[in-house]
Number of protein chains: 2
Amino acid sequence: MVSIKDIAKKAGVSISTVSYALNGSPKVTEETRQKILAVAEELKYVPNAAARTLKTRETKVIGLYLTDFGGAFYGDLLQGVKEVLNQKGYDLIVCSGKRSHRFLPERTIDGAIVLDATFSDKELLKYAEMGKKIVVLDRELDHPNINHVFLDNKAGATLAMEYLWENGHRRIYVVTGPKASYDSNQRLKAVRQFAERHELDVKEVEGRFTKESGELAAERIFQEYEEPTAVFCLNDEMAVGLYMYFRKTDLVIGRHIHIIGFDNIELAEYISPRLATIDYSKRKWGALASEQLLKMLSGKSVEHERIYVKLIPGESVGSLSNR
Amino acid sequence: MVSIKDIAKKAGVSISTVSYALNGSPKVTEETRQKILAVAEELKYVPNAAARTLKTRETKVIGLYLTDFGGAFYGDLLQGVKEVLNQKGYDLIVCSGKRSHRFLPERTIDGAIVLDATFSDKELLKYAEMGKKIVVLDRELDHPNINHVFLDNKAGATLAMEYLWENGHRRIYVVTGPKASYDSNQRLKAVRQFAERHELDVKEVEGRFTKESGELAAERIFQEYEEPTAVFCLNDEMAVGLYMYFRKTDLVIGRHIHIIGFDNIELAEYISPRLATIDYSKRKWGALASEQLLKMLSGKSVEHERIYVKLIPGESVGSLSNR
DNA sequence: CGAATCCGTCGAAACGTTTCGAGACACATT
DNA sequence: AATGTGTCTCGAAACGTTTCGACGGATTCG
């Protein structure tokens, strides 16, 4: 409501002087700045973001795109992103769904971090081509305006397989994510390599990275059950689905059936038996992604970063020797 | 980059005609509209949100303020909000932290839904006073520009107490949230009323609505333990904290120690034994909140809404008779 | 047939900033 | 005294829309 113009009038100076004063330009004398600040305060002036954006072409807001708001998975990641961003004077908004894509071309946000499989490569490339800066977390995309923080999926999947192997497991199933998922494919690739190296026959069941699909997968595995069997779920969410299923049977997890996941979601720690899984710092992942994005926005060059993983043992995987 | 002006030039019409055409005004003939649309398409025109906002004074974006991005608690709520909003042509952005408050006065968003105890009443009232429309979910605030969807905390707390009572429990502890929490206070009030009615002596331990504080509370309770004791945690998060603690002792939950929570978070279902708790539709809560907000924005009157609760039994509470 | 009505189009102002270039003034330099 | 050098302030244009009022031409009406 009250604009820079009102301040100018009341303070008896020009509009431009007010603007300079408010923005801390050295062009204006300390005395007039104080006067202007006082008037602004008195009038309860608040800058109009739209007008400023129209002129400066930037919003100091960056968007984070998620597939859905559900996943407990995201908490730490968002925290990491937010910390970095706020510290550099940027704000974070979290978005989901196709509608919100408009923020990118319409310049509501300066850049985006994407962790949303429903956001197509094609669309992303289109925006990148328009000059928008983007960091993707769930795919690799080759474009000067797009960067990527590499999560070491393969190392993680290999760790998981080794853990099962060392515990004596030889009949192993893997429950994959959707075929289109980059993470799933990377992890699966490592599983296959491991299998080949050890001359194992790893059976593959396709899931959708959800609890429900995990439950379905469990059903299939149960039908073919030949004791003892270990299952590597390519994410924890599906592992929880297996838990749900096997609780209804007389197989006990960690004894008759062995499960390991990937992601170390919160639930993995609280469910019992403790789910063995692959952990990585989601917070750091988010922090690195934002740092990359900010560098891109300020025209600096970015070096490729990588997130390391580690194994979290859990009672969901028992040793075959001490049955 | 390409603006309405470029379209006008290329199509050989005036700027205003382009604007009318693009906005589907009946003032322009179908023929010219098609021509303009074609040119816009060809030029890959995208409207500039800042310019439009500057003129129309609205963004068609509403903000949802959360204390932090952590809580798995929010998923369904956000889903409910988003569905309603999208259907009415609005977008949702999720925000957290003081910095983002600027969106309200700076007109980046048309209105806000607040579920964030760190957002002070005073500040909220200030924005309301400026004319911003707000729906609060975690407090009651009396202002024409602020509304509220009522969650039946008292009924929920009473249900929980009755459940414990009917299962024969008489030595009951309640673990509260922070003193400043509206929800905690409402629930606690009902607990006290129940205690008075049944001439019970309910011991109160103060928590902070987090797992860690639940664990601490458990420690205190354990020291005073006199079998059998039931604990009503004023939210599930803290109940999970109790689980963590008691797993380290030789008390088994649902047998020697009995626990009930409030909120029915996802974890409550997957933890074992299943946590008894109070459930309510978070999705509906979100949906009602957004509907209220949209009504306020269009100047309609809003009627007060209320969310009902129900008891979810769980094995975390056993009957005292069949020990 | 002249006047009234309607319809599609247009020009221009406005929204609230930022920022460039120029103006005004004071002071120092030759 | 004329010129030069800074310093502070100002006016005006620009960003990309929306929308009001006006305009001219075609149609309808009495």
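Residues numbered from 1 in each chain as written. Chains lettered and ligands numbered in written order. Predicted model: local features only at pLDDT ≥ 70, side-chain atom pairs only at ≥ 80, totals over all residues. Heavy atoms only, no water.

The name an unreviewed UniProt entry assigns to chain A is Transcriptional regulator, LacI family, from the organism Thermobacillus xylanilyticus.

Draft legend 1. Structural detail: the relation of the copies chain A and chain B. When chain A is fitted to chain B, the best match, at an RMSD of 0.2 Å, comes from turning it 180 degrees and sliding it 0.1 Å along the axis. Expressed as an axis order, the relation between the two copies is that of a two-fold axis. Residue by residue, 100% of the interface of chain A is reproduced at the interface of chain B, so both copies engage with the same surface. (Least-squares fit on C-alpha atoms with pLDDT ≥ 70 in both. Contact = heavy atoms within 4.5 Å.)

Draft legend 2. Molecular detail of the UniProt feature "domain: HTH lacI-type" (unreviewed entry) in chain A. Under the UniProt annotation, "domain: HTH lacI-type" (unreviewed entry) lies at residues 2–56 of chain A. Segment residues 2–56 of chain A splits into 69% helix and 0% strand. End C-alpha atoms: 20 Å apart. (UniProt positions renumbered as here; feature names shortened; annotations may be inferred. Helix = DSSP H or I, 4+ residues; strand = E, 2+ residues; numbered from the N terminus.)

Draft legend 3. Spatial organisation of the protein's contact with DNA strand C. Taken together, 31 residues lie around DNA strand C, and Ser19 and Tyr20 of chain A together with Ser14, Thr17 and Thr32 of chain B are the ones closest in. Sugar and phosphate atoms represent 57% of those atoms of DNA strand C found within 4 Å of the protein. Between DNA strand C and Ser19 of chain A there is a distance of 2.6 Å, counted from a phosphate oxygen to a side-chain nitrogen or oxygen. Side-chain polar atom of Thr32 of chain B to a phosphate oxygen of DNA strand C: 3.1 Å apart, as the coordinates give it. Contributions of two or more residues to the surface near DNA strand C are made by α2 (15–22) and α4 (49–56) of chain A together with α2 (15–22) and α4 (49–56) of chain B. Looking at which element gives the most residues to the surface near DNA strand C, the answer is α4 of chain A, with five residues. Its residues placed into classes, the surface near DNA strand C shows 13 nonpolar, 12 polar and six charged. (Near = heavy atom within 4 Å. Polar contact = N/O pair within 3.5 Å; in protein donor to acceptor, adjacent residues only side chain to side chain. Nonpolar A, V, L, I, M, F, W, Y, C, P; charged D, E, K, R; others polar.)

Draft legend 4. How the structure looks around the pattern of salt bridges. A complete count under the given rule lists 42 salt bridges over all chains for this structure. Between Asp279 of chain A and Lys282 of chain A there is a salt bridge; the shortest N-O distance is 3.6 Å. Considered together, Asp279 of chain A and Lys282 of chain A belong to a single accessibility category, that of buried residues. A salt bridge links Asp279 of chain B to Lys310 of chain B, with the shortest nitrogen-to-oxygen separation between them at 3.6 Å. (Salt bridge = Lys/Arg side-chain N within 4 Å of Asp/Glu carboxyl O. Buried < 20%, exposed > 50% of the residue type's maximum accessible area, 1.4 Å probe, protein only.)

Draft legend 5. Summary view of the nonpolar core. The biggest cluster of nonpolar side chains holds 155 residues, and the ones touching the most others in it are Phe232 of chain A together with Phe232 of chain B. For Phe232 of chain B, the contacting residues outside a window of four places in its chain are Ala157, Ala160, Met161, Leu164, Tyr173, Val174, Val175, Val191, Ile260, Gly261 and Phe262 of chain B. Grouped together as the second largest cluster of nonpolar side chains are 34 residues, Leu141 of chain A together with Val61, Leu124 and Ile134 of chain B included. (Core = buried A, V, L, I, M, F, W, Y, C linked by side-chain atoms within 4.5 Å.)

Draft legend 6. Local environment of the interface of chain A and chain B. The partner chain B presents 45 residues to the 45 residues of chain A that form the contact. Summed over both sides, the interface of chain A with chain B buries roughly 3900 Å², with 59% coming from carbon and sulfur. The largest contributions to the chain A side of the interface with chain B come from Phe69, Arg99 and Tyr270 of chain A, which together make up 17% of the buried area. Connecting chain A to chain B are six salt bridges. Note that Asp91 of chain B and Arg99 of chain A form a salt bridge whose closest N and O atoms lie 3.4 Å from each other. Counting across the chain A and chain B interface gives 20 residue pairs in polar contact (both at pLDDT 80 or more). (Buried area = accessible area lost by both parts, 1.4 Å probe.)

Draft legend 7. Quick look at the pairing of strand β7 (residues 203–206) of chain A. All names here are of chain A. Bridge analysis of strand β6 (residues 172–176) against β7 gives four bridges, and the strand direction is parallel. Among the inter-strand pairings, Val174 is bridged to a residue of β7, identified as Glu204. Between the parallel elements β6 and β7, the chain passes through helix α8 (residues 182–197) in a crossover that is right-handed. (Pairing = 2+ DSSP bridges. Right-handed = clockwise from strand over helix to strand, strands pointing away.)

Draft legend 8. Summary view of the environment of Ile257 of chain A. Residues and elements named next belong to chain A. One can find Ile257 in strand β9 (residues 257–260). Sequence-wise, Ile257 and Tyr225 are 32 residues apart; in three dimensions their C-alpha atoms are separated by 9.2 Å. In contact with Ile257, other than residues within four places in its own chain, are Tyr225, Thr229, Val231, Phe246, Leu251, Val252 and Ser316.

Draft legend 9. Quick peek at the packing of helix α5 (residues 75–87) of chain A against helix α12 (residues 282–297) of chain A. Residue and element names in this part refer to chain A. Axis separation between α5 and α12 bottoms out at 6 Å; the angle between their running directions is 35 degrees. Note that α5 runs across α12; the crossing there is right-handed. Across the interface between the two elements, Asp76, Leu77, Gln79, Gly80, Val81, Glu83, Val84 and Leu85 from α5 touch Lys282, Arg283, Trp285, Gly286, Ala287, Ser290, Glu291 and Leu294 from α12. Residue composition of the contact of α5 with α12, by class: seven nonpolar, four polar and five charged. (Axes fitted to C-alpha atoms, helices over the stretch in contact; angles between N-to-C directions. Left-handed = near helix turned anticlockwise from the far one by under 90°.)

Draft legend 10. Examining the sheet that holds strand β6 (residues 172–176) of chain B more closely. All names here are of chain B. Across the sheet, which stays open at both edges, the four strands sit in the order β7-β6-β8-β9 with parallel pairing between neighbours. Taken across any chain shown, the strands that pair with only one partner, and hence form the sheet edges, are β7 (203–206) and β9 (257–260). Averaged over all neighbouring strand pairs, the angle between strand axes comes to 25 degrees, with direction disregarded. Packing against the sheet, helix α8 (residues 182–197) makes contact with β6, β7 and β8 (229–233), and its axis sits at approximately 165 degrees to β6.

Draft legend 11. Here's a closer look at the protein's contact with DNA strand D. Of all residues adjacent to DNA strand D, which total 29 residues, the nearest are Thr17, Thr32 and Arg57 of chain A together with Ser19 and Tyr20 of chain B. Considering DNA strand D, the proportion of its atoms within 4 Å of the protein that are sugar or phosphate atoms stands at 56%. Take Ser14 of chain A: an N or O atom from its main chain is 2.9 Å from a phosphate oxygen of DNA strand D. Between DNA strand D and Ser19 of chain B, the relevant distance is 2.7 Å, taken from a phosphate oxygen to a side-chain nitrogen or oxygen of the residue. Of all the elements in the fold, those that place two or more residues in the surface near DNA strand D are α2 and α4 of chain A together with α2 and α4 of chain B.

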